[in-house]
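Below are the chains, spelled out letter by letter.
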Amino acid sequence: MVQGAMNQNTKLTKDWLQNYVDDWVKFYWKHTKEGELPSYIPILQQANKNHLGISIMGTNGVTIESGDVDIPFTIQSISKVFTFIVACMQRGVSYVLDRVDVEPTGEAFNSIMHLEMKQIKKPFNPFVNAGAITVTSLLTGKTSAEKLEPLLQLLENILGYRPALNIDVFQSEMQTSIRNRAIGYYLVETGYLESDQLELTLETYFKQCSIEISLKDLAHLGMILANDGKDPKTGTELIPKQVARLAKSLMLTCGMYDASGKFAAYVGIPAKSGVSGGIVAIAPPRAREENLPFLEGCGIGVYGPALDKQGNSIAGIKLIRHIAKQWDLSIF
Ligand SMILES: NC(=O)CC[C@H](N)C(=O)O
């Protein structure tokens, strides 16, 4: 019996789980001190390094939250999961996968080196910046507003409200986007991006990264993916199952940048991080005989802006790893 699971006679009550999660958040708080705020998007340095919060939303309707849960933050690279989903819904999976591969890089998310060194035929995967910028270019529409519309609509369908862009974050990144611009030019040179699409694509990409959400929203997005794209309350299919599964497989292999292998090995669930400190992790339904929480699946959102060298929330990873171990969430 793992700690935090239930004794034979204990009821798996929300209060009981809440106590455990509160203790775990308190315990992992100290690790926020080990991480750094990203400097290449200046406005993200205004975040409070000490923040750490978690939201867990089960497909059964139970939500548990703890720590700094009321701080809105920008979705950053977590948006890449949803633009990939929208591009697949608009263009079809094979059209998208003809233009972006499904292989992990083992390099930093904004690496340029691997593009040249490996003489790639197409960007490695939709979750490194080169692949994400390519995917954004595939969204239909002539303006960034048109391109973003179906993405915002999908988020609205899931969350029940339309999240707004944080214009200050968008402008901060737009003004300092040297490396993403370099990636964009490289994609033009190699034929993955039409030159007249470059500015529009970068603007759209920075805007999608600036969508602001709450921790509960993040858990909600994860919960819908855990449920293969279906809203468990209404039974409505919000994301086609095949696309949701593809996105989850890519989260497992590529979602945590060049720490994806370790996350899969030590945590064992699909996840995607963003440079503002958010991580969405997904525990699909699992059939176990033990009495464990969230057997019907859940989404986990974590926010902790202090990052490790790979750009992932340092305390957030430790917290998710602990919960996954205690509740036996691994998909393996
Ligand atoms: N890792 C991230 O979250 C990166 C997103 C960021 N907007 C960038 O493109 O660099």
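Quantities reported herein were computed from a predicted structural model and do not represent experimental measurements.

### A short note on the site of the ligand
With respect to spatial proximity, 13 residues lie near the ligand, and among them Y40, Q76, S77, Y205 and Y257 are the closest. Within the side chain of Q76, an N or O atom sits 2.7 Å from a nitrogen atom of the ligand. Y205 is positioned with one of its side-chain polar atoms (N or O) 2.6 Å from an oxygen atom of the ligand. Considering the ligand on its own, with 300 Å² of exposed area, one finds that the protein chains cover 100% of that surface. Its residues assigned to classes, the shell around the ligand shows seven nonpolar, five polar and one charged. Counting residues domain by domain, the shell around the ligand receives three or more from each of domain 1 (14–76 + 213–326) and domain 2 (77–209).

### Quick notes on helix α7 (residues 167–175)
Among all positions in α7, only V169, F170, S172 and E173 are buried. For α7, the angular spread of buried residues about the axis comes to 165°, placing them on one side. Contact partners of the buried residues in α7: β3 (73–74), α8 (178–189) and α9 (198–209). Its side-chain oxygen at 3.1 Å from the backbone nitrogen of D168, N166 defines the N-terminal cap of α7.

### Observations regarding the domain arrangement of the chain
Assigned domains of the chain: these are domain 1 (14–76 + 213–326) and domain 2 (77–209). Of note, the centres of domain 1 and domain 2, computed from C-alpha atoms alone, are 22 Å apart. Across the contact, 35 residues belong to domain 1 and 37 residues belong to domain 2. Across the domain 1 to domain 2 interface the summed buried area is about 3,200 Å²; carbon plus sulfur atoms make up 77%. Counting every contact that joins domain 1 to domain 2 gives zero salt bridges. Secondary-structure elements contributing two or more residues to the side of domain 1 that touches domain 2 are α10 (215–226), α11 (241–254), β5 (271–273) and β6 (278–283). Per-element accounting of the side of domain 1 that touches domain 2 gives the leading share, eight residues, to α11. Residues that form the side of domain 1 that touches domain 2 fall into these classes: 22 nonpolar, 10 polar and three charged.

### With respect to the pairing of strand β7 (residues 298–303)
Counting buried residues along β7, six of its six residues qualify, which places the element largely inside the surrounding structure. In β7, alternate side chains face the same way, and those of C298, I300 and V302 on one face and G299, G301 and Y303 on the other are all buried. One ladder, built from six bridges, connects strand β1 (residues 53–58) with β7; its direction is antiparallel. The residue bridging I54 from the neighbouring strand is V302, located in β7. Where β6 and β7 come together, six bridges link them in antiparallel fashion. Paired with I282 across the bridge in β7 is G299.

Criteria and cut-off values
- Residues numbered from 1 in each chain as written.
- Predicted model: local features only at pLDDT ≥ 70, side-chain atom pairs only at ≥ 80, totals over all residues.
- Heavy atoms only, no water.
- Near = heavy atom within 4 Å.
- Polar contact = N/O pair within 3.5 Å; in protein donor to acceptor, adjacent residues only side chain to side chain.
- Areas by Shrake-Rupley, 256 points an atom, 1.4 Å probe, with all protein chains shown as cover.
- Nonpolar A, V, L, I, M, F, W, Y, C, P; charged D, E, K, R; others polar.
- Domains from an automatic or database assignment.
- Buried < 20%, exposed > 50% of the residue type's maximum accessible area, 1.4 Å probe, protein only.
- Helix = DSSP H or I, 4+ residues; strand = E, 2+ residues; numbered from the N terminus.
- Arc of directions from axis to C-beta.
- Contact = heavy atoms within 4.5 Å.
- Buried area = accessible area lost by both parts, 1.4 Å probe.
- Salt bridge = Lys/Arg side-chain N within 4 Å of Asp/Glu carboxyl O.
- Pairing = 2+ DSSP bridges.

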